[in-house]
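# Analysis of the macromolecular model
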Amino acid sequence: MAYFYQGESRTFSEYLLVPGYSSAECLTKNVSLKTPLIKFKKGEESNINLKIPLVSAIMQSVSDDKMSIALAKEGGISFIFASQSVKNQAEMVKRVKNYKAGFVASSSNVHPNQTLGDILKLKAKTGHSTVAVTEDGTLKSKFLGIVTGKDYRVSRMGSSTLVSEFMVPLEKLVYAKEGVTLSECNDMIWDNKLNALPVIDASGKLSAFVFRKDYDSNKENVMELLDSKKRYLVGAGINTHDYEERIPALVGAGADVLCIDSSEGYTEWQKKVLTFVRNKYGDSVKIGAGNVVCREGFRFLAENGADFVKVGIGGGAICITREAKGIGRGQATALIEVVSARNEYFNETGVYIPICSDGGIVHDYHITIALAIGADFCMQGRYFARFDESPTNRVMVGGNYMKEYWGEGTERARNWQRYESEGSLPFEEGVDAYVPYAGSLNENLKITINKIKASFCNCGALTIPEFQDKARLTRVSHSSLIEGGAHDVYLKDTFGAQRS
Ligand code: IMP
């Protein structure tokens with residue numbers, strides 16, 4: 001007969017924090033959200049700490065090099081998706097490690113025989129108003145000029161007008177040569193009243209733009225997550241199939257931390273990957289494993305050398321694993337059990353293994369509940385997919401801007417390696433969907449972080465360990481859940497938009 005767990009499988013919405021005493025010190029500006037990413041011994045510090053407890057999901061629709069750079073600027077880390085060729089993934093890692101703040105690789109490019117209609121379509125898709133014109137429309141060919149919103153008048157020009165007729169050619173542009181410093185570029189921008197300065201390499205290709213609008217953010221950002229050579233930190237996903245080839249390529253490209261991307265981590269395959277890493281690299285390569293939802297799964301990965309353990313099966317916004325296979329566990333219940341196993345392991349061995357709560361965060365306060373339960377950081381997909389920096393298209397659906405967001409277990413992603421299948425997906429475990437477009441990561445993250453810090457203050461805590469010590473959680477009945485939202489009033493339209 002099957003084993004029956006006591007109690008129900010619960011999720012974050014079923015808990016609330018009860019505030020504690022707050023001293024006059026409890027102000028959001030005094031709160032630090034620093035948290036360890038990888039394991040460390042009692043009395044020591046982790047070798048990698050995040051400045052905010054957030055990481056972006058190992059997904060095609062979430063974490064590429066652009067997202068990695070944006071999140072590292074804010075103190076978090078991305079794990080670049082593994083469901084692509086080893087070469088492409090390693091190149092993305094390299095682009096993050098070679099990134100120089102302020103120098104932006106142009107992602108909206110056309111060739112001179114394209115039309116105004118093409119420019120307008122590109123602008124609607126990417127939101128970019130500066131477009132580079134190159135010989136063949138890619139950055140691999142010679143740079144010929146630019147088109148900005150000032151160069152065309154939609155009401156006076158036909159959509160079939162050729163780009164060559166209204167672009168600003170290189171001869172008329174102010175540009176810089178590769179090797180220039182950011183501060184020299186900013187001076188050129190100010191002296192010449194430019195919005196964008198092209199930087200061109202020795203062979204005449206466009207290596208980057210420097211934008212006037214980035215001037216403020218180009219000044220030093222205290223939240224940046226940097227390595228000892230002042231390069232952004234970046235993570236990368238791996239799978240349990242081609243790891244002998246993928247891991248050396250990612251390590252060679254400069255990945256700071258790896259994570260096994262799998263829907264279910266309590267497997268012999270994960271043991272093989274962890275053993276491979278420890279035999280080949282000792283402790284010099286850092287690797288997280290998962291996902292697990294029970295104490296036995298945690299023990300298994302901890303004893304096989306995982307640097308952090310990821311928790312969660314079936315709670316992701318695009319996930320249908322529970323419907324497809326009846327496999328999973330409520331995210332809060334899974335986390336409570338794994339955190340208690342982690343604490344036991346720490347008491348026994350003196351080794352602290354950080355826990356990542358992966359998926360199922362709907363409201364910002366769910367992050368705070370996850371931290372209160374004992375997670376060290378949260379991995380999110382849906383949250384980050386909504387921003388300008390995610391790799392997917394922004395599209396208009398029913399009069400609203402949306403971003404595409406699809407699971408790794410969809411036919412679209414075809415990430416059969418994540419599901420331990422044999423070369424194909426026998427059935428889907430994810431959906432292909434839209435999420436409401438939300439603007440820039442920076443703007444949204446500010447609000448999220450402020451909400452987390454405000455909850456900490458309500459509970460009288462200024463750091464994550466203090467919060468975990470002081471947090472008091474209460475279960476929420478269905479009726480008190482209703483009481484918690486706006487009720488018994490008629491919402492004005494705008495009020496609905498401002499909540500969330
Ligand atoms: P979200 O933050 O709720 O959107 O969940 C993101 C998480 O869902 C990821 O970090 C993965 O663990 C998980 N995930 C990604 N793709 C799929 C899928 O296709 N099916 C099930 N789970 C998925």
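To keep things clear, this report deals only with the structure shown in the data block. As the structure is a computational prediction, the values presented were derived from the model and not from experiment.

## A closer look at the overall build of the chain
Check the secondary structure of the chain and you find 17 helices and 24 strands. Radius of gyration (C-alpha) of the chain: 24 Å, near the 23 Å computed for a compact globule of 500 residues. Here the C-alpha coordinates of the chain stretch approximately 75 × 60 × 50 Å along the principal axes. Pairs at least 24 residues apart make up 62% of the contacts formed inside the chain by residues separated by at least 6 positions.

## A closer look at the packing of helix H1 (residues 65–73) against helix H2 (residues 86–98)
At a minimum axis separation of 9 Å, H1 and H2 run at an interaxial angle of 35°. Here the hand of the crossing between H1 and H2 comes out right-handed. Between H1 and H2, the contacting residues are Asp-65, Ser-68 and Ile-69 on the first element and Met-92, Arg-95 and Val-96 on the second.

## Describing the sheet that holds strand E7 (residues 109–110)
If you walk across this open sheet you meet the four strands as E7-E8-E9-E10, and the pairing is mixed. Among the strands making up the open sheet, the edge pair consists of E7 and strand E10 (168–169). In the sheet, strand E9 (residues 143–147) pairs with E10 via two bridges, with the strands oriented antiparallel. Its bridge partner being in E10, Ile-146 is matched across the sheet by Val-168.

## Looking at the nonpolar core
Ranked by internal contacts, the top residues of the largest apolar core, which has 102 residues, are Val-93, Val-234, Val-309 and Val-338. Per-element tally for this core: the top contributor is helix H12 (residues 364–373), with seven residues. Val-93 has contacts with Ile-80, Val-234, Ala-236, Leu-250, Ala-253, Gly-254 and Ala-255, leaving out every residue within four places of it along the chain.

## Observations concerning the site of the ligand
Within the structure, the ligand sits among 23 residues, and Gly-316, Gly-381, Gly-407, Gly-409 and Gly-430 are positioned closest to it. Of all the elements in the fold, those that place two or more residues in the shell around the ligand are strand E20 (377–380) and helix H13 (382–385). Among the residues forming the shell around the ligand, the class breakdown is eight nonpolar, eleven polar and four charged.

## Quick word on the packing of H12 against helix H14 (residues 441–458)
Between H12 and H14, the shortest axis-to-axis distance is 9 Å and the interhelical angle comes to 45°. Relative to H14, the element H12 is oriented oblique. With respect to the hand of their crossing, H12 and H14 are arranged in right-handed fashion. Here H12 contributes Asp-364, Tyr-365, Ile-367 and Thr-368 to the contact with H14, which in turn contributes Thr-448, Lys-451, Ile-452 and Ser-455. Here the contact of H12 with H14 is built from residues that sort into three nonpolar, three polar and two charged.

## Some points on the pairing of strand E21 (residues 394–397)
Examined bridge by bridge, E21 and strand E22 (residues 400–406) share four bridges and lie antiparallel to one another. Considered in E22, the bridge of Arg-394 is made with Lys-403. Counting the residues that bridge the hairpin from E21 to E22 gives two residues, and of these Gly-398 lies at a positive phi of roughly 55°.

## Notes on unusual backbone geometry
At the junction of Gly-290 and Asn-291, the peptide bond is cis and its omega measures out at 5° in the coordinates. Along the chain, Asn-291 turns up in strand E16 (residues 287–292). In this structure, Lys-230 is a non-glycine residue whose phi angle is positive, near 65°. Within the secondary structure, Lys-230 is located in the loop between helix H6 (215–218) and strand E14 (235–238). Under the C-beta neighbour-count criterion, Lys-230 is labelled exposed, with 8 such atoms within 10 Å. The phi dihedral of Arg-414 falls on the positive side, at around 50°, and the residue is not glycine. Along the polypeptide, Arg-414 turns up in the loop between E22 and strand E23 (432–436). Exposure remark for Arg-414: the 14 C-beta atoms within 10 Å place this residue in the partly exposed category.

## Re helix H8 (residues 268–281)
When the terminal C-alpha atoms of H8 are compared, their 20 Å separation across 14 residues agrees well with the 20 Å that a helix rising 1.5 Å per residue should span. Among the residues making up H8, those that are buried are Gln-270, Val-273, Leu-274 and Val-277. Projected down its long axis, H8 carries its buried residues within an arc of 95°, all on one side. Looking at H8, the residues exposed on the side facing more than 90 degrees away from the buried face are Glu-268, Thr-275 and Asn-279. In the stretch just after H8, Gly-282 is the one whose phi turns positive, near 60°.

## Re the sheet that holds E23
Here three strands make up an open sheet; going across it, the order is E21-E22-E23 and the pairing antiparallel. A strand with exactly one partner marks an edge of an open sheet, and here the two such strands are E21 and E23. When the angles between neighbouring strand axes are averaged without regard to direction, this sheet yields 50°.

## Some points on the pairing of strand E15 (residues 257–260)
What you see with E15 is no split at all: Val-257 and Cys-259 on one side and Leu-258 and Ile-260 on the other are buried throughout. Where E14 lies against E15, four bridges are found, and the strand directions are parallel. Bridge pairing in E15 links Ile-238 to Ile-260. Tracing the backbone out of E14, into helix H7 (residues 243–253) and back to the parallel element E15 gives a crossover that is right-handed. As paired strands, E15 and E16 are joined by two bridges and run parallel to one another. Of the residues in E16, the one forming a bridge with Cys-259 is Gly-288.

## Thoughts on the environment of Thr-134
Mapped onto the elements of the fold, Thr-134 is located in strand E8 (residues 131–134). Separated by 151 residues in the primary sequence, Thr-134 and Val-285 have C-alpha atoms spaced 40 Å apart.

## A look at helix H11 (residues 331–349)
Taking 1.5 Å per residue as the helical rise, H11 with its 19 residues ought to reach 27 Å, and the 26 Å between its terminal C-alpha atoms agrees with that figure. Taken together, the buried positions of H11 are Gln-331, Ala-332, Ala-334, Leu-335, Glu-337, Val-338, Val-339, Ala-341 and Arg-342. Looking at the buried side of H11, the elements it contacts are strand E1 (15–17), E16, helix H9 (295–303), strand E17 (308–311), strand E19 (355–358) and H12. Positive backbone phi, at 75°, marks Gly-350, one or two positions downstream of H11.

Rules of the game
Residues numbered from 1 in each chain as written. Predicted model: local features only at pLDDT ≥ 70, side-chain atom pairs only at ≥ 80, totals over all residues. Helix = DSSP H or I, 4+ residues; strand = E, 2+ residues; numbered from the N terminus. Rg over C-alpha atoms; globule rule 2.2 N^0.38 Å. Contact = placed C-beta atoms within 7 Å. Axes fitted to C-alpha atoms, helices over the stretch in contact; angles between N-to-C directions. Left-handed = near helix turned anticlockwise from the far one by under 90°. Pairing = 2+ DSSP bridges. Core = buried A, V, L, I, M, F, W, Y, C linked by C-beta atoms within 7 Å. Buried ≥ 20, exposed ≤ 12 C-beta atoms within 10 Å, placed from the backbone. Near = placed C-beta within 6 Å. Nonpolar A, V, L, I, M, F, W, Y, C, P; charged D, E, K, R; others polar. Parallel < 35°, antiparallel > 145°, perpendicular 65-115°, else oblique. Expected span 1.5 Å × (residues − 1). Arc of directions from axis to C-beta. Right-handed = clockwise from strand over helix to strand, strands pointing away.

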